[in-house]
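Letter by letter, the chains look like this.
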Amino acid sequence: MVTPRISYAHLLAKPNPKHVESLLKFFESGRAERGTGGFGVEIEHLPVHNGSDTAVSYYEPNGIEALLKRLAPYYDEEKEYWENGHLVGLARPGVSVSLEPGGQVETSIGVLKKPSDLITLYAKFRREADPILKDLDFRLVNYGYQPKSSFADVPVNPKDRYDAMTDYLGRVGQFGPCMMRCSASTQVSIDFVDEHDAIEKMRLGTVIGPILAYFFRNTPYFEGETNPWPLLRQRMWDYLDFQRTNVIPGLFDPRFGWEDYAIDVLSTPLMFADLTHTPEAVASGASPKELHRPAFRENAGDVYPDRELNPYEINHIISTHFNDVRLKNFVELRHWDSLPIERAERLTEIVASLFYVPENRERLESYFDGITEEEVFEAKANIQAHGRQASPYGQPLEFWKEFLGLEGLLSDIPGDPNHPDVFQE
């Protein structure tokens, strides 16, 4: 008799064992000492023109490229990231600035020792950026989706990866170009002490993420109209490309571990192959377009050499997956709309309380003991179908507000100070 599988994803794919071992070592490298409790926070901002509230593109005069070039002196020159002759990323200790496909400006901050550190580092970024933004006559808005512009009005920035993603995600599922060009999120990363701790945090994050997402919902608009979905971000990602989004296949099987996650990631077609840090490919004399190329059918074993993967290759492979919770050498929680900094700090405080305070963590694990993948799908659908009247996991939203300690949500802070009365219903 054949032992039942952890999941039925990628049944005929056979990942390279050396690549599997590479990912296991990568996950192992993320182990932190118990009690350290570090955070990373990423906030994506939507650039919009003052006056019209329409999207600002990368290429336009006084657009995103101009912003990055004028911010560059505040960052480390050797950490600038250029592609196809264009500046697309900046970094310095504690903060990096990068771009999402539609020119969304992402600020990554960490590792933080306590949630309040977020305000200090973010404030420095804004002190530098805001005078430049004022001069360029646009601003950065914290909504989950562009307020006025359609995806069709927003060009992608000059990364080869995004050309491939546009081609691929524009042909599969729903919402691919919408997500890429017009959406923005807040993500919180937490550490782990070992494999068991990482898997438990991934499960809990997947279970409670949609509930937290509802209480921190921040998407008033979709395609220039009122947003009809309680959780637009979830609606886009869940229907985008199921082999790399939504709940990790097999996550709630008691046998699930790092190796199962590695096999799933390595078995999925890459969508885009990045060989710029693969010595064998570089030495072959391949052109820049050959080093950056679409890989719609090929998975990691088809693209990368028969050897252990290097850290750049590993990070690229993992970055082509967009599950609700993603494992790197930390656990990345990905459920939330772009939030103003005060609300992002409050969200980080709640995450800290639920995942790093032992009694809260134990209470969550006990309550959700034996939860199944299907119950998570049902809870997500329940919130989408019923909004304020939803009862995810059989309990009303007021129960979850108390159970998860969701007080002081700062829901009266607008995502766009120019429109202080606009909130998602």
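Up top you'll find the structure we're talking about.
Here we summarise the structure given alongside this text. Source: prediction; values computed, not measured.

### Notes on helix α3 (residues 117-136)
The terminal C-alpha atoms of α3 lie 29 Å apart, and with 20 residues this matches the ideal 28 Å at 1.5 Å per residue to within 8%. The largest bend in α3 comes to about 35°, at A129, with the proline P131 one to four residues further on. Of the positions making up α3, those classed as buried are L118, Y122, F125, R126, E128, A129, I132, L133 and L136. D137 lies just past α3 and shows a positive phi near 65°.

### Considering the environment of L251
Note that L251 resides in the loop between β10 (245-246) and α8 (258-267). Between the alpha carbons of L251 and N142 there is a distance of 31 Å; along the sequence they are 109 residues apart. Setting aside anything within four residues of it in sequence, one finds L251 in contact with M202, R203, T206, F256 and E373.

### Looking at the packing of aromatic side chains
Summed over all chains, the structure comprises 26 aromatic pairs. A centroid spacing of 4.9 Å and a plane angle of 50° characterise the contact between Y367 and F403, whose relative ring orientation is tilted. Here Y367, found in helix α14 (residues 358-367), pairs with F403, found in helix α16 (residues 397-403); they are 36 residues apart in sequence, far enough to count as distant. With 6.0 Å between their ring centres and 75° between their planes, Y393 and W400 make a pair best called edge-to-face. The residue whose ring lies beneath R217 is Y214, and the NZ or CZ to ring-centre distance is 4.0 Å. Above the plane of the ring of Y239 lies R235, whose end atom (NZ or CZ) is 3.8 Å from the centre.

### Regarding the side chain of E332
With respect to the helices and strands, E332 occurs in strand β15 (residues 331-337). At 2.8 Å, the side chain of E332 and the side chain of R326 are in polar contact. Beyond its immediate chain neighbours, meaning those up to four positions away, E332 contacts E42, Q187, V188, S189, D324, V325 and R326.

### Considerations on the nonpolar core
Counting 101 residues, the largest nonpolar core has F27 and L404 as the members making the most contacts within it. Here F27 is in contact with F192, W258, Y261, A262, I318, L327 and K328, once residues within four sequence places are set aside. Core analysis: the second largest hydrophobic core is formed by 20 residues, A55, L169, L232 and W237 among them.

### Quick look at a nonpolar patch on the surface
On the surface, Y8, L11 and L12 cluster together into a nonpolar patch covering about 410 Å² of accessible area. Residue position: L12 is located in the segment before α1 (17-29). Relative accessible area serves as the criterion here: at 80%, L12 is assigned to the exposed category.

### Regarding empty space enclosed by the protein
Across all of its chains, the model carries two cavities of 30 Å³ or more by this definition. Quantified by volume, the largest cavity comes out at close to 100 Å³. The biggest single contributor to the lining of the largest cavity is helix α7 (residues 232-238), with four residues. Across the lining of the largest cavity, the residue classes break down as five nonpolar, three polar and five charged. Every residue along the wall of the second largest cavity is listed here: A213, F216, R217, P230, L231, L232, R233, Q234, H335, W336 and D337. Of all the elements in the fold, those that place two or more residues in the lining of the second largest cavity are α7 and β15. Grouping the constituent residues of the lining of the second largest cavity by class yields six nonpolar, two polar and three charged.

### Things to note about the pairing of strand β1 (residues 39-49)
For β1, the tally of buried residues reaches 10 of 11 residues, placing the bulk of the element in the interior. Alignment of β1 against strand β5 (residues 105-112), held across seven bridges, turns out to be antiparallel. Opposite E42, over in β5, you have S108 as the bridge partner. As paired strands, β1 and strand β7 (residues 185-190) are joined by five bridges and run antiparallel to one another. Directly across from I43, in β7, lies its bridge partner T186.

So, how was this worked out
- Within each chain, residues carry numbers counting from 1 in the order of the written sequence.
- With pLDDT at 70 or above as the cut-off, local features in this predicted model cover only qualifying residues; side-chain atom pairs require 80 or more to be listed or tallied, and sums for whole chains, interfaces and linings still use all residues.
- Note that water and hydrogens are dropped before the side-chain values are worked out from all heavy atoms of the structure.
- The numbering of helices and of strands both runs from the N terminus, where a helix is a DSSP run of H or I of at least 4 residues and a strand a run of E of at least 2.
- Multiplying one less than the number of residues by 1.5 Å gives the expected span of a helix.
- One axis is fitted to the seven residues ending at the residue and one to the seven starting there. The bend at that residue is the angle between these axes.
- Burial classes follow relative accessibility: with a 1.4 Å probe on protein chains only, a residue under 20% of its type's maximum area counts as buried, one over 50% as exposed, and anything between as partly exposed.
- Note on definitions: a residue-residue contact is assigned when non-hydrogen atoms from the two residues lie within 4.5 Å.
- Pairing of aromatic side chains here covers Phe, Tyr and the six-membered ring of Trp, requires ring centres within 6.5 Å, and sorts the geometry by plane angle: under 30 degrees stacked, over 60 edge-to-face, intermediate tilted.
- The criterion for a charge sitting over a ring is simple: Lys NZ or Arg CZ within 6 Å of the ring centre, and within 35 degrees of the ring normal.
- What qualifies as a polar contact is a pair of N or O atoms within 3.5 Å, subject to a donor-acceptor requirement within protein and to the restriction that residues adjacent in sequence count only when both atoms come from side chains.
- Here, nonpolar core means buried Ala, Val, Leu, Ile, Met, Phe, Trp, Tyr and Cys residues that are tied together by side-chain atoms lying within 4.5 Å of each other.
- Residues enter patches when they are more than 30% accessible in relative terms and free of salt bridges; like-charged ones are connected within 9 Å and nonpolar ones (Val, Leu, Ile, Met, Phe, Trp, Tyr) within 5 Å.
- Per-residue accessibility takes into account occlusion by the displayed protein chains alone, with areas from the Shrake-Rupley method and a 1.4 Å probe.
- What makes a salt bridge here is a side-chain nitrogen of Lys or Arg within 4 Å of a carboxyl oxygen of Asp or Glu, nothing more.
- Cavity: a set of points on a 1 Å grid over the protein atoms alone where a 1.4 Å probe fits but cannot get out. Pocket: an open set with protein on both sides within 12 Å along at least five of seven lines, its lining residues, like those of a cavity, having an atom within 4 Å of a point.
- Grid points are joined across faces, edges and corners, and a volume is the space filled by probe spheres set on the points.
- Under the grouping applied here, Gly and all other residues not named as nonpolar or charged are polar, the nonpolar ones being Ala, Val, Leu, Ile, Met, Phe, Trp, Tyr, Cys and Pro and the charged ones Asp, Glu, Lys and Arg.
- Paired strands are those between which DSSP finds at least two bridges.

Such coordinate-based values are descriptive only and should not be taken to indicate function.
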